[in-house]
Amino acid sequence: MAERTVGPLGRPVRSHRPRWMSAPDFDTGHYPLMTATPDPYPLTSDSSSSIHSDLRPVIIGGGPAGLTAAYQFGKAGVRATVLEADDVVGGISRTAVRDGWRFDIGGHRFFTKVRVVSDLWHEILEPHDFLLRPRMSRIFYQGKFYDYPLRAMNALRNLGLIEAVRCLLSYLWVRIWPPKDQTNFEGWVASRFGWRLYRTFFKTYTEKVWGLPGTELQADWAAQRIKNLSLLKAIVNSLMPRRKQTDVTSLIEEFEYPRYGPGMMWERCAELVKEQGSDVHLSHPVRRISHADGRAFEVEAQGPDGPVVLEATDVISSMPLPHLIRAMDPPVPDDVKAAANGLGFRDFLTVALVVPREDGFPDNWIYVHAPDVEVGRVQNFGQWSPHLVKDGRTCLGLEYFVTEGDHLWTADDADLVELGKAEMASLGLLDPSRVEAGYVVRMPKAYPMYDAHYQDNVDRIRGWLAEHASNVYPVGRNGMHRYNNQDHSMFTAMLTVENVLAGDHEGGHDVWQVNVEEDYHEEIR
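Residues numbered from 1 in each chain as written. Predicted model: local features only at pLDDT ≥ 70, side-chain atom pairs only at ≥ 80, totals over all residues. Heavy atoms only, no water.

1. A few points about the sheet that holds strand 24 (residues 472-474)
Reading across from one edge, 13-6-5-17-24 is the order of the five strands in this open sheet, with parallel pairing throughout. Among the strands making up the open sheet, the edge pair consists of strand 13 (279-281) and strand 24. Going from strand to strand, the sheet's axes swing by 15° on average, the running direction of each strand aside. With four bridges joining them, strand 5 (residues 57-60) and strand 17 (residues 314-317) adopt parallel strand pairing. Each bridged residue has a counterpart across the sheet, and for Ile-59 the counterpart in strand 17 is Ile-316. Together, strand 5, strand 6 (81-83) and strand 17 form the strand contacts of helix 2 (residues 64-75), whose direction differs from that of strand 5 by roughly 160°. (Pairing = 2+ DSSP bridges. Helix = DSSP H or I, 4+ residues; strand = E, 2+ residues; numbered from the N terminus. Axes fitted to C-alpha atoms, helices over the stretch in contact; angles between N-to-C directions. Contact = heavy atoms within 4.5 Å.)

2. A few points about helix 12 (residues 334-341)
Helical geometry note: an α-helix holds 3.6 residues per turn, so side chains three or four residues apart project in the same direction. Along helix 12, the residues that are buried comprise Val-336, Ala-339 and Ala-340. Along the axis of helix 12, the buried positions cluster into a sector of 100°, meaning they face one direction only. Packed against the buried residues of helix 12 are helix 11 (321-326) and helix 15 (454-468). (Buried < 20%, exposed > 50% of the residue type's maximum accessible area, 1.4 Å probe, protein only. Arc of directions from axis to C-beta.)

3. Focus on the environment of Phe-361
Position of Phe-361 relative to the elements: it lies in the loop between strand 19 (345-356) and strand 20 (365-368). Counting along the chain gives 19 residues from Phe-361 to Asn-380, while the straight-line C-alpha distance between them is 7.0 Å. For Phe-361, the residues in contact, after removing those within four places along its chain, are Arg-138, Ile-366, Val-378, Gln-379, Asn-380, Gln-383 and Leu-396.

4. Section: the packing of helix 2 against helix 10 (residues 262-275)
Contact geometry for helix 2 and helix 10: axes closest at 9 Å, N-to-C directions at 30°. The orientation of helix 2 with respect to helix 10, classified from their angle, is roughly parallel. Between helix 2 and helix 10 lies a crossing of left-handed hand. Counting all contacts with helix 2, which are made through Pro-64, Leu-67, Thr-68, Ala-70 and Tyr-71, the residues of helix 10 involved are Trp-266, Cys-269, Ala-270, Leu-272 and Val-273. (Parallel < 35°, antiparallel > 145°, perpendicular 65-115°, else oblique. Left-handed = near helix turned anticlockwise from the far one by under 90°.)

5. Focus: the pattern of salt bridges
In the structure shown here, the tally under the stated rule is 20 salt bridges. Linking Glu-404 and Lys-445 is a salt bridge whose minimum nitrogen-to-oxygen distance equals 3.7 Å. Of this pair, Glu-404 sits in the loop between strand 22 (393-402) and helix 14 (413-427) while Lys-445 sits in strand 23 (residues 437-448); the two residues are 41 residues apart in sequence, bridging distant segments of the chain. Salt-bridge contacts for Lys-421 lead to Glu-418; the nearest nitrogen and oxygen are separated by 3.2 Å. Pair noted here: Lys-421 and Glu-418 are both in helix 14, with a separation of three residues, about one helical turn. For Lys-421, a relative accessible area of 17% puts it in the buried group. When salt bridges that share partners are traced, they join Glu-163, Arg-166 and Arg-196 into one network. (Salt bridge = Lys/Arg side-chain N within 4 Å of Asp/Glu carboxyl O.)

6. Quick notes on the packing of aromatic side chains
In the structure shown here, the tally under the stated rule is 27 aromatic pairs. Relative to Phe-202, the ring of Phe-193 has its centre 4.7 Å away and its plane inclined at 45°; by these criteria the two rings are tilted. Side by side, Phe-193 and Phe-202 carry an identical accessibility label, which is buried. Judged by centre distance (6.2 Å) and plane angle (85°), the ring pair of Trp-365 and Tyr-367 falls under edge-to-face. When sorted by exposure, Trp-365 lands in the same class as Tyr-367, which is buried. The lysine or arginine in question, Arg-377, covers the ring of Trp-365, its NZ or CZ lying 5.4 Å from the ring centre. (Phe/Tyr/Trp six-rings, centres within 6.5 Å; stacked < 30°, edge-to-face > 60°. Lys NZ or Arg CZ within 6 Å of the ring centre and 35° of its normal.)

7. Structural notes on helix 3 (residues 115-124)
The element helix 3 is extensively covered by neighbouring structure, given that seven of its 10 residues are classed as buried. Every buried residue of helix 3 is listed here: Val-116, Val-117, Ser-118, Asp-119, Leu-120, Trp-121 and Ile-124.

8. A word on the environment of Tyr-439
Along the chain, Tyr-439 falls in strand 23. Owing to a relative accessible area of 15%, Tyr-439 belongs among the buried residues under this scheme. Sequence-wise, Tyr-439 and Cys-395 are 44 residues apart; in three dimensions their C-alpha atoms are separated by 9.9 Å. In contact with Tyr-439, not counting residues within four places along its chain, are Arg-98, Asp-99, Trp-101, Phe-103, Thr-350, Val-351, Ala-352, Val-354 and Val-417. One polar contact links Tyr-439 to Asp-99, side chain to side chain, over a distance of 2.9 Å. (Polar contact = N/O pair within 3.5 Å; in protein donor to acceptor, adjacent residues only side chain to side chain.)

9. Details of the packing of helix 2 against helix 3
Between helix 2 and helix 3, the least distance of the axes is 13 Å, while the angle of their chain directions is 80°. The orientation of helix 2 with respect to helix 3, classified from their angle, is roughly perpendicular. Residues Thr-68, Tyr-71, Gln-72 and Lys-75 of helix 2 form the contact with helix 3, whose participating residues are Leu-120, Glu-123 and Ile-124. The residue makeup of the contact of helix 2 with helix 3, split by class, is three nonpolar, two polar and two charged. (Nonpolar A, V, L, I, M, F, W, Y, C, P; charged D, E, K, R; others polar.)

10. Structural notes on the side chain of Gln-486
Relative to the helices and strands, Gln-486 is located in helix 17 (residues 486-501). Residue classification places Gln-486 among the buried residues on the basis of a relative accessible area of 9%. With sequence-adjacent residues up to four places away left out, Gln-486 is seen in contact with Pro-64, Ser-93, Phe-110, Trp-121 and Trp-266.

11. Here we look at the side chain of Arg-482
Note that Arg-482 resides in the loop between helix 16 (476-480) and helix 17. By relative accessible area, Arg-482 is classed as buried at 11%. Polar side-chain contacts of Arg-482 include one of 2.6 Å to the backbone oxygen of Trp-512.

12. Let's talk about the sheet that holds strand 22
Taken in spatial order, the seven strands line up as 11-10-20-21-22-19-23 in an open sheet, and their pairing is mixed. Only two strands of the sheet have a single partner each, and these edge strands are strand 11 (144-148) and strand 23. Taking each pair of neighbouring strands and ignoring which way they run, the sheet shows an average axis angle of 25°. Looking at chain direction, strand 10 (residues 137-141) and strand 20 are connected through four bridges and run parallel.

Structure follows, in structure tokens:
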């Protein structure tokens, strides 16, 4: 009999040899720093594959979570089937390519303190495939650049002494009289930065991103993205050497980056998954998930040549959570359907402008807080990697946060390029005559909405799945309707695979606890 060994967080996994060794403390929400050990015994057809020969997992989605799940199954000798609705892998972590120019959709820093995730990145790509990039970003506000992370002298010089004192007094005010309602974004941020800095540096940009007033956006998003940053901590960090500033997500100063963008990681991962014997089917949107007696047993996708029906012992889904529920057959009850319909998303498009290199800027990206333009952020893809652009040129990626079907989403590409040029000119950031070419990339369902009802809706869906489809496991950002980073998404998939391999369908690792602690992403104890 094969011995039972442990997975990344110490859960038992049936295997012929240990794969990951750690001292877990998962139940407390603290994730230990874990080290991957080399695998001295490669899998053979009569080892772990025979132990799990009864498993036939179907994985919905070919982004970071889905491909990570397939890859982890493959390392355990289990063949999986990946169904991806798009014609490329990577999801929002893809690298879009137009005429030899490469665009990172939203900008993906490869930084994590979840050691098994970092190890997996370096297992998929070779060392020479990574660049170590300095993180430089600034806020553009009222014609001035503010360092981000905050630099005390830079902020003081830009704000002026009187305004800086007002901001400090505003911060002291909320320390004494904090906002009564800190369950929404506005109250949460104001309590940590003061009302004046909130209105200056957070309100306009955040409302561009979400299309909602700060009072209607839940504080969960701020807790995940800003983490434990406050004005006091930002000032302390501004006085510290930059290389010491890795305690807070917003203060990361250096990161790894695949030379051809994040899509390089997932294109290579898909190749490895297929080499393991699993299947990756592109252009195969899932239409139906059949379930009975509390379990799903069959998945149907619409392929280019017609329907494809797959038997499934387990279903790991990174497709948008509402889509998962709508695919259930028999259909879910009306209250669960209403919960799924109540989950919203924010969509995203990039207007990429090709310009001479000297017309770029030294930042990876610039946050645009000006309320009189619709652009929210500007990437400089040449500062992410010189391999994304061409000699003597760079590409500026103007990011617009939109809703599918609105005036920007439905606009012609040529009109969007002209809008981008005009807005950059009005900001004084670019002479439009210097633009040599323009491209548009649209990304639907880029960000799960954190409105006032989202958590209740997610909880209702989770409850129904636990009772009626207990072997269906949501993972990743859209799959869990949670604003997970790429590493969080991968980690949820790794933990889920470990649960399945352990035969633990009652929960095992609680993947819903990933990325809920305010210090989780950057502080692993």
